[in-house]
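Structure assessment
Single-letter residue listing:
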Amino acid sequence: MRWPSFAPGSSQALSLMPERAVVRKVSRRLLGFLFLLYVFSFLDRINIGFAALTMVPDLGLSGVEFGVATALFYAAYIVCGVPGNIMLARLGARRWISAIMIAWGVASTLTFLSRGPASLYVLRVVVGMTEAGFLPGMLLYLTFWFPPAWRARANALFMIAQPVTAAVGSAVSGYVLALDGTVGLKGWQWLFLLEGMPSVLLGMIVFVWLDDSPQHARWLSAAEKRALQAQLTPAAVPVSAASAPRSLVAELLSPAVLRFSVAYFCLVNSLAMIVWMPLIIKTLDGVHGNRSVGMVAAIPQAASIVLMILWGRHSDHTQERRWHLLLPMLAAASGWLIAAAPGHTVLRVTGLCIAVAGSYAAMSIFWTIPDRLLSPQRRAVGIAAINAIGNLGSALNPLAVGWLRDYTHSFAAGLTFAALLLACGAGFALWTPARNEPEILAYDTSTNADTQ
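Residues numbered from 1 in each chain as written. Predicted model: local features only at pLDDT ≥ 70, side-chain atom pairs only at ≥ 80, totals over all residues. Heavy atoms only, no water.

Moving on, we come to the packing of helix α17 (residues 379-390) against helix α18 (residues 392-408). At a minimum axis separation of 4 Å, α17 and α18 run at an interaxial angle of 10 degrees. Here α18 runs roughly parallel to α17, going by the angle between their axes. Residues A388, I389 and G390 of α17 lie in contact with α18, whose contacting residues are L392, G393 and S394. Of the residues that constitute the contact of α17 with α18, the class distribution is three nonpolar, three polar and no charged. (Axes fitted to C-alpha atoms, helices over the stretch in contact; angles between N-to-C directions. Helix = DSSP H or I, 4+ residues; strand = E, 2+ residues; numbered from the N terminus. Parallel < 35°, antiparallel > 145°, perpendicular 65-115°, else oblique. Contact = heavy atoms within 4.5 Å. Nonpolar A, V, L, I, M, F, W, Y, C, P; charged D, E, K, R; others polar.)

To describe a pair of aromatic rings, you give the distance between the ring centres and the angle between the ring planes. Following the criterion strictly, the structure yields 17 aromatic pairs and no others. Plain terms: the ring middles of F66 and W276 are 5.5 Å apart, the flat faces sit at 80 degrees to each other, and that makes the pair edge-to-face. Pair noted here: F66 is in helix α3 (residues 63-91) and W276 is in the loop between α12 (255-272) and α13 (277-282), with a separation of 210 residues, a long-range link. Across the pair, exposure class does not vary: F66 and W276 are buried alike. (Phe/Tyr/Trp six-rings, centres within 6.5 Å; stacked < 30°, edge-to-face > 60°. Buried < 20%, exposed > 50% of the residue type's maximum accessible area, 1.4 Å probe, protein only.)

Before going further, it helps to examine the side chain of S199. Note that S199 resides in helix α9 (residues 187-209). Leaving out residues up to four positions away in the same chain, S199 has contacts with F40, D44, M101, I102, W104 and G105.

Where α3 meets helix α5 (residues 117-131), the axes come as close as 7 Å, and the angle between the chain directions of the two elements is 30 degrees. Judged on the interaxial angle alone, α5 and α3 are roughly parallel. Where α3 crosses over α5, the handedness of that crossing is right-handed. Of the residues in α5, those touching α3 at E65, V68, A69, L72, F73, A76, Y77 and C80 are P117, L120, Y121, R124, V125, V127, G128, M129 and E131. For the contact of α3 with α5, a count of residues per class yields 13 nonpolar, one polar and three charged. (Left-handed = near helix turned anticlockwise from the far one by under 90°.)

The subject of this paragraph is the pattern of salt bridges. Think of it this way: side chains of opposite charge can pair up when their charged atoms draw near. Applying the stated criterion to the full structure yields four salt bridges. A salt bridge links R45 to E131, with the nearest nitrogen and oxygen atoms 3.5 Å apart. Taken together, the positions of R45 in helix α2 (residues 17-59) and E131 in helix α5 put the pair 86 residues apart, joining distant regions of the chain. Judged by its relative accessible area of 7%, R45 falls in the buried class. For R153, the salt bridge identified is with D316, shortest N-O distance 2.7 Å. Taken together, the residues R153 in helix α7 (residues 151-159) and D316 in helix α14 (residues 290-318) connect sequence positions 163 residues apart. By relative accessible area, R153 is classed as partly exposed at 25%. The buried category is assigned to D316, whose relative accessible area is 4%. (Salt bridge = Lys/Arg side-chain N within 4 Å of Asp/Glu carboxyl O.)

So, in structure tokens, the structure goes:
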């Protein structure tokens, strides 16, 4: 298999110079800030996993009850994802992202008031409803600013917020849990208090900092806007019987989109295992105390950060996507199997590193492909729909793994379950289009990329 690349002195590379300058400027302005937003979005999603170390015994929760709390979050997240992206397309990122960040920050903070399964369930549903529009909204927002040839790097630099958050959160949360008893609050209550409020503050800053599209950016010159827009506007595809504009339902139910949804479902199930990571690591020989759990849990996340950046750069350099998605999915499946097998702690932690890093690397590549399967006017709903269907895996995982843990008194069955689903997902990824094939595109030649 031959992967194309641009030699530094080639005509293709020279033609990218104006684009390179404006994309770098956009990156400096947006990616660091969007990364920070995602850090606290992801933290408010996974901190229940760290809180579980002391919350589960304090509230008397079973494995299934804890799994239900996590599943309810994702159920609400799935139901509200598509409406959330429709609202972003109508209201603009500045107003919509600001509003939902403030809302989920308040709800996440109030989780410290939980007194049992029922109150925990209600609060996790509210957090799921309010956070649902963030990730699909940001994935859509990145398509407004970054041309396809640069999107794997942009996605990777944005999505490394997940492993960074898990790594830092793992280490910091162990110390926060040590505040147990301070001013009469449990350690897990301090966790929700200290990790929920920053989302509220950042939501206020979003309203001032973000622009809805390049056309609204006062920090870009007219020439820079034209250079960026030229790369964002899709090339016209001849309209034929196979590529004529289709209805929204026809696009969303096309075989290619459905296959991507199934592949994403399997991939998200793997990533959902991260919420169990503190409890998994606590079962390893030689790991004692919450601080030790937090430090060990940070190791797979650190490996993920390095791999995501390098893998995204390589995918953009070669302009190849399908195998860059398939290979890390297969590696992650093998990693879960290694972690599930009886053995030395170092070997099992190595398996966790392979599994987590592979899953994250695949995630950063995944979202460079599905948006090309949808016409620009359908992209907001399409991205949210694939994200929603995929996140059924996040809802299924805590229920399945929680039940398997209660039934077998071990995480080995749950890890094997994640590996099998990833292998299936890799098969669906292999079955998807490798590039922009005309028969799966439905671009209206009168519509530009910013028309939603």
